[in-house]
Amino acid sequence: SRGPAGTARPFTEAQSKDNVYSTRARGALSVLEPVANNLTDRTSIAAEYVPFGLARGVQGDQYQVARQSADEFLQAILRKDTGAAITESEMASYGTTYLPQPGDGAAVLVAKADARKRAVAALESGMSPAQMLARDSALVKAARESAGATPANTAAPEAGTVVDGYRFKGGDPGDKNNWEAE
């Protein structure tokens, strides 16, 4: 059996899990990308809040596919970090960074599509989801500001901030060398 980088060693448990999460995220991304902008449809979003799924009939197939693949993508990214149940708050926080939201301009939609691709690449490189979120939040914020949009919970952390067991040392939040384990 071949292990990482063609060595004769087997994959570690962490490497095996990273492969699973990366595969799930990449698979979800391939389905999500062609229909991602359907996630900005306000009518379809409102239908999500009607009890018992009674209003799902007003959602188009493309919105439903986008929602399902978006959730799968976020779950793969988040599951790597926690390995446990994912909270609504985590899904919302990561969702505003990675997924199209109503009112996002063209530059922000492009930045978020790029952030999704980087998140998968980061999974594959062993970067933690907290590091991915910090890096991509800063980049999406920059895209919003350059497009004249109002930032929404996407500020890079301040130096010394602890996110999911990692302390941010300062500088570029996208550089994993600027993070240290607590």
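**Looking at the pattern of salt bridges**
- Scanning all chains against the criterion turns up four salt bridges.
- When the shortest N-O distance is used, the salt bridge between Arg116 and Glu33 registers 2.7 Å. Separated by 83 residues along the polypeptide, Arg116 in helix H5 (residues 106-125) and Glu33 in the loop between helix H1 (13-32) and helix H2 (42-47) bring together distant segments of the chain.
- In this structure, Arg56 and Glu48 form a salt bridge, with 3.7 Å as the shortest nitrogen-oxygen distance.
- Judged by its relative accessible area of 36%, Arg56 is partly exposed.
- Judged by its relative accessible area of 32%, Glu48 is partly exposed.

**Focus: the packing of aromatic side chains**
- A full pass over the atoms with the stated rule returns two aromatic pairs.
- Taken together, a centroid distance of 5.9 Å and an interplanar angle of 75° make the contact between Phe73 and Tyr98 edge-to-face. Of this pair, Phe73 sits in helix H3 (residues 61-82) while Tyr98 sits in helix H4 (residues 88-98), placing them 25 residues apart in sequence. There is no split in this pair, since Phe73 and Tyr98 are both buried.

Conventions adopted
- Residues numbered from 1 in each chain as written.
- Predicted model: local features only at pLDDT ≥ 70, side-chain atom pairs only at ≥ 80, totals over all residues.
- Heavy atoms only, no water.
- Salt bridge = Lys/Arg side-chain N within 4 Å of Asp/Glu carboxyl O.
- Helix = DSSP H or I, 4+ residues; strand = E, 2+ residues; numbered from the N terminus.
- Buried < 20%, exposed > 50% of the residue type's maximum accessible area, 1.4 Å probe, protein only.
- Phe/Tyr/Trp six-rings, centres within 6.5 Å; stacked < 30°, edge-to-face > 60°.

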